[in-house]
Amino acid sequence: MVQTPIQLYRYLMRCCKRLPSTSLQHHYRHSVRQSYNAHSDEDNPQRIQQIIKRAIEDADWIMEKATPNLQVEMRQGTILHENELIRIIMKLAKQPVL
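Please read all numbers here as calculations on a predicted model, not as lab measurements.

Could you clarify how one ought to interpret the overall build of the chain in this entry?
For the chain, the count of helices and strands is 4 helices and 0 strands. N-terminal to C-terminal, the α/β element order of the chain is α-α-α-α. Accessible surface, the chain as shown: approximately 6700 Å² in total, 52% of it carbon and sulfur.

If you want it as structure tokens, here you go:
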């Protein structure tokens, strides 16, 4: 269970490794690093827990959307170009990932 900011960082980086394309992995790894650095000075325990909860929800949502899209395309015999897949996922994800 993720309880600390460093545990969250590691969890999100592991999620990035499971994304279907290299470009998605790079995009979200960069986003995770930036968000971690942006919130590194946060010292309010309630705010930290709020950030952790929201980040896990967002990561789960992205993982849920990214993996089925690729599996559906592969079953139909076509694989989306990485940029097209990124465009679809970013369109679905209207909120920035923490």
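Once you've had a look at it, read on.
Any chance you could explain helix α2 (residues 22-38) here in plain terms?
Side chains that are three or four residues apart share a direction in an α-helix, a result of its 3.6 residues per turn. Relative to the 24 Å expected for 17 residues at 1.5 Å per residue, α2 spans 24 Å between its end C-alpha atoms, a close match to the ideal helical length. When α2 is considered as a whole, its buried residues turn out to be S23, L24, Q25, Y28, R29, S31, V32 and S35.

Is there a simple way to think about the pattern of salt bridges in this case?
It is possible for side chains bearing opposite charge to pair when their charged atoms get close. As enumerated under the stated definition, the model contains 2 salt bridges in all. Salt-bridge contacts for K53 lead to E57; the nearest nitrogen and oxygen are separated by 2.9 Å. With K53 and E57 both in helix α3 (residues 45-75) and 4 residues apart, the pair spans about one turn of that helix. Accessibility expressed as a relative area gives 54% for K53, which makes it exposed.

Is there a simple way to explain the nonpolar core in this structure?
Soluble globular proteins tend to bury their nonpolar side chains together. Within the largest apolar cluster, 19 residues are counted, with the highest numbers of intra-cluster contacts made by L8, Y11, L12 and L19. Of all the secondary structure elements, the ones that give two or more residues to this core are α1 (5-17), α2 and α3. The leading source of residues in this core is α3, at 8 residues.

Please clarify how empty space enclosed by the protein should be interpreted in this entry.
Over the atoms, a rolling probe the size of a water molecule traces out where space has been left empty. One pass over the full model with this rule turns up 1 cavity of 30 Å³ or more. The computed volume of the largest cavity comes to approximately 80 Å³. For the lining of the largest cavity, the secondary structure elements donating two or more residues are α1, α2 and α3. Considered class by class, the residues forming the lining of the largest cavity number 10 nonpolar, no polar and no charged.

What is the right way to read α1 from this model?
Here α1 spans 19 Å end to end across 13 residues, near enough to the 18 Å set by a 1.5 Å rise per residue. Every buried residue of α1 is accounted for by L8, Y11, L12, M13, C15 and C16.

What is the right way to read the packing of aromatic side chains from this model?
The description of an aromatic ring pair uses the distance of the two centres, along with the angle that the planes make with each other. In total, this model carries 1 aromatic pair according to the counting rule given. With a centroid separation of 4.9 Å and an interplanar angle of 50°, the aromatic rings of Y9 and Y36 are classed as tilted. Of the two residues, Y9 sits in helix α1 while Y36 sits in helix α2, which places them 27 residues apart along the sequence.

What should I look at first to understand the layout of surface pockets in this one?
By volume, the largest pocket is sized at about 220 Å³. What lines the largest pocket is a set of 14 residues, among which P5, L8, Y36, H39 and I51 lie closest to the centre. Elements with a minimum of two residues in the lining of the largest pocket: α1, α2 and α3. When residues in the lining of the largest pocket are grouped by element, the largest group, 4 residues, is from α1. Here the lining of the largest pocket is composed, by residue class, of 10 nonpolar, 3 polar and 1 charged.

Cut-off values and rules
Residues numbered from 1 in each chain as written. Predicted model: local features only at pLDDT ≥ 70, side-chain atom pairs only at ≥ 80, totals over all residues. Heavy atoms only, no water. Helix = DSSP H or I, 4+ residues; strand = E, 2+ residues; numbered from the N terminus. Areas by Shrake-Rupley, 256 points an atom, 1.4 Å probe, with all protein chains shown as cover. Expected span 1.5 Å × (residues − 1). Buried < 20%, exposed > 50% of the residue type's maximum accessible area, 1.4 Å probe, protein only. Salt bridge = Lys/Arg side-chain N within 4 Å of Asp/Glu carboxyl O. Core = buried A, V, L, I, M, F, W, Y, C linked by side-chain atoms within 4.5 Å. 1 Å grid on protein atoms, 1.4 Å probe; cavity = no way out; pocket = protein on both sides within 12 Å on 5 of 7 lines; lining within 4 Å. Points joined across faces, edges and corners; volume = space filled by probe spheres on them. Nonpolar A, V, L, I, M, F, W, Y, C, P; charged D, E, K, R; others polar. Phe/Tyr/Trp six-rings, centres within 6.5 Å; stacked < 30°, edge-to-face > 60°.

Fair warning: the whole summary comes from geometry, so function is off the table for now.
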